[in-house]
Amino acid sequence: MTSTLQSRTSWEDLRSDFPILGQKVHGHPLIYLDNAATSQKPRAVLDCLNHYYERDNSNVHRGLHELSNRATEAYENARKRLAAYLGASADEIIFTRGTTEAVNLVARTWGEANIGPGDVILLTEMEHHSNLVPWQLLAKRQGATLRFVPVTPDGRLDLEGFDRLLDGPVKLFSFVHISNTLGTINPARELCARARAAGVATMVDAAQSAGHLPLDVREIGADFLALSGHKMCGPTGIGILHGRRDILQDMEPFHGGGEMIASVGFTESDFKPAPYRFEAGTPAIAEAIGLGAAADYVDAAGRDRIFTHDQALALQAIALLEEIPGVRILGPRDVRGGLVSFVLASAHAHDVVSMADQYGLALRGGHHCTQPLMRKLGVPAAARASFYFYNTPAEVEQFAAIIRRIHTFFA
């Protein structure tokens, strides 16, 4: 599959690998611009899932028969593949249901062991609820407090006072790599280095970056990094928590049950080393294998190329939207990820998205799971277009034309 992709360099050729994109919605060709919510899946991933269920379906690690052996090998090969995708070691890769579960895992295990009364958890004002609510719950349980790196009016982190925010009993800094609302790309390596110099542990929410640009956890230097498979051409219900080996080995299990144990008695148990101690019960086997196939596909397409392509579409969209009266763009105008959130003065975001759907255009509308950020910006809701490598400049032109039509209708 990789060699085949490398010989097909045009985005149009790769787009043909996504059967869902060939359909019509309400009589119009589908224009799918909701990739920040979930990406579409190429045939390579769909075929991988079908192959597992048709040929290898069995539980992993526990069986001695051939199907179980094949399933185990494929599952563990997927772990190795995702480790390579992140520049990590396989024993630092924990399969989770997604970024949300990964953040909760760290909060429940590392957090409860290392954060106590009077300690501080540092976040940013642009965090997704998945990287906010778990820390709120932890702070309430442990008697800790929350601090926030402010967001500037143009949608960037205000880093002038960052080192002062790190001062005192700060135990963890957890932040989003690319904002799912603003498109802001935060300087992950610099932020982690400054936190590490202050003795503060770090966690990166890479849900919006993992499928769109190269990631190397060694280079970034975070203690933890989380991603969701369904945002990078993989199945839903599967994700990754990367943790530094020395940290994971000292963490208590998140869930208890089968598979994560070394031995069990009536009153106590011994647990396997990481990552297995964090994967209780039957895992999402097919989904993990499918995520490995997605990593193959995305890498073959080229994450550097994907980033350049997606960013170009976002900048094209911004330029076209700014020609429409009363449009407000959220986030930076220059270097940004491949998504654009905007407010149309003439219509509520929900009306914009509902009407766009009648033209076959799939957008997202609402607070985008960033309610505190939206309140700070004074925006009750925004529409969002988010791009991936199978989207085209022609689709962006059509998107802008539809938004202009909606504006005219409501004006």
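Conventions we followed
- Residues numbered from 1 in each chain as written.
- Predicted model: local features only at pLDDT ≥ 70, side-chain atom pairs only at ≥ 80, totals over all residues.
- Heavy atoms only, no water.
- Helix = DSSP H or I, 4+ residues; strand = E, 2+ residues; numbered from the N terminus.
- Rg over C-alpha atoms; globule rule 2.2 N^0.38 Å.
- Buried < 20%, exposed > 50% of the residue type's maximum accessible area, 1.4 Å probe, protein only.
- Contact = heavy atoms within 4.5 Å.
- Lys, Arg positive; Asp, Glu negative; His and termini not counted.
- Charge placed at Lys NZ, Arg CZ, Asp CG, Glu CD.
- 1 Å grid on protein atoms, 1.4 Å probe; cavity = no way out; pocket = protein on both sides within 12 Å on 5 of 7 lines; lining within 4 Å.
- Points joined across faces, edges and corners; volume = space filled by probe spheres on them.
- Phe/Tyr/Trp six-rings, centres within 6.5 Å; stacked < 30°, edge-to-face > 60°.
- Pairing = 2+ DSSP bridges.
- Axes fitted to C-alpha atoms, helices over the stretch in contact; angles between N-to-C directions.
- Parallel < 35°, antiparallel > 145°, perpendicular 65-115°, else oblique.
- Left-handed = near helix turned anticlockwise from the far one by under 90°.
- Nonpolar A, V, L, I, M, F, W, Y, C, P; charged D, E, K, R; others polar.

**Things to note about the overall build of the chain**
Here comes step 1: Along the backbone of the chain there are 15 helices and 17 strands.
Here comes step 2: By the compact-globule yardstick of 22 Å for 411 residues, the chain fits well, its C-alpha radius of gyration being 22 Å.
Here comes step 3: Each of the three principal axes of the chain carries a C-alpha extent, and together these read 70 × 55 × 35 Å.
Here comes step 4: Expressed as a percentage of the 411 residues in the chain, the buried residues total 56%.
Here comes step 5: For the chain, the proportion of contacts with a sequence separation of at least 24, taken over those separated by at least 6, is 72%.
Here comes step 6: Positive and negative side-chain charges in the chain, numbering 39 and 46 respectively, have mean positions lying 3 Å apart.

**Observations concerning empty space enclosed by the protein**
Left-over empty space is what a probe sized like a water molecule reveals as it rolls over the atoms.
Here comes step 1: On inspection of all chains with the given rule, the structure shows 1 cavity of 30 Å³ or more.
Here comes step 2: A volume near 100 Å³ is recorded for the largest cavity.
Here comes step 3: Along the wall of the largest cavity there are 13 residues; nearest its centre are Gln208, His212, Gly338, Leu339 and Phe387.

**Considerations on the packing of aromatic side chains**
Here comes step 1: A complete count under the given rule lists 15 aromatic pairs for this structure.
Here comes step 2: Look at Trp11 and Phe389: their rings are 5.8 Å apart centre to centre, the planes differ by 40 degrees, and that puts the pair in the tilted class. One end of the pair, Trp11, is in helix H2 (residues 11-15); the other, Phe389, is in the loop between strand S17 (382-386) and helix H15 (393-410), and 378 residues separate them in sequence.
Here comes step 3: Look at Trp11 and you get buried, because its relative accessible area is 16%.
Here comes step 4: The class for Phe389 is buried, based on a relative accessible area of 0%.
Here comes step 5: With a centroid separation of 5.8 Å and 70 degrees between ring planes, the pair formed by Phe18 and Phe389 is classed as edge-to-face. Linking Phe18 in the loop between H2 and strand S1 (24-25) with Phe389 in the loop between S17 and H15, this pair joins segments that are 371 residues apart in sequence.

**So, the sheet that holds strand S10 (residues 239-243)**
Here comes step 1: Ordered in space as S4-S10-S9-S8-S7-S5-S6, the 7 strands form an open sheet in which the pairing is mixed. The open sheet is flanked by strand S4 (93-96) and strand S6 (145-149), the only strands paired with a single partner. Within this sheet the neighbouring strands show an average axis-to-axis angle of 20 degrees, counted without direction.
Here comes step 2: Sheet analysis places strand S5 (residues 120-124) next to strand S7 (residues 170-176), joined by 3 bridges and oriented parallel. Considered in S7, the bridge of Val120 is made with Val170.
Here comes step 3: This element, helix H5 (residues 99-114), spans S4, S7, strand S8 (201-205), strand S9 (224-228) and S10 of the sheet and lies at about 155 degrees to S9.
Here comes step 4: Packing against the sheet, helix H8 (residues 188-197) makes contact with S7 and S8, and its axis sits at approximately 175 degrees to S7.

**Describing the pairing of S17**
Here comes step 1: Counting buried residues in S17 gives 5 out of 5 residues, a clear majority hidden from the surface.
Here comes step 2: A two-sided burial pattern is seen for S17, the buried positions comprising Ala382, Arg384 and Ser386 on one face and Ala383 and Ala385 on the other.
Here comes step 3: Relative to S17, strand S16 (residues 364-366) runs antiparallel, the two being bridged by 3 bridges. Along S17, the bridge assignment pairs Gly366 with Ala382.

**Re the packing of helix H3 (residues 43-56) against helix H11 (residues 285-301)**
Here comes step 1: In contact at an axis separation of 9 Å, H3 and H11 are set at 150 degrees when each is read in the N-to-C sense. As the angle between them shows, H3 and H11 are arranged roughly antiparallel. Considering how the two elements wind past one another, H3 and H11 form a crossing that is right-handed. On the side of H3, the interface is formed by Ala44, Val45, Cys48, Leu49, Tyr52 and Tyr53, while H11 contributes Ile285, Ala286, Glu287, Ile289, Gly290, Ala293, Ala294 and Tyr297.
Here comes step 2: Its residues placed into classes, the contact of H3 with H11 shows 12 nonpolar, 1 polar and 1 charged.

**Points about the side chain of Asp56**
Here comes step 1: Mapped onto the elements, Asp56 comes out in helix H3.
Here comes step 2: With sequence-adjacent residues up to four places away left out, Asp56 is seen in contact with His51, Leu67, Arg70 and Ala71.

This is a description of form; function is not addressed.
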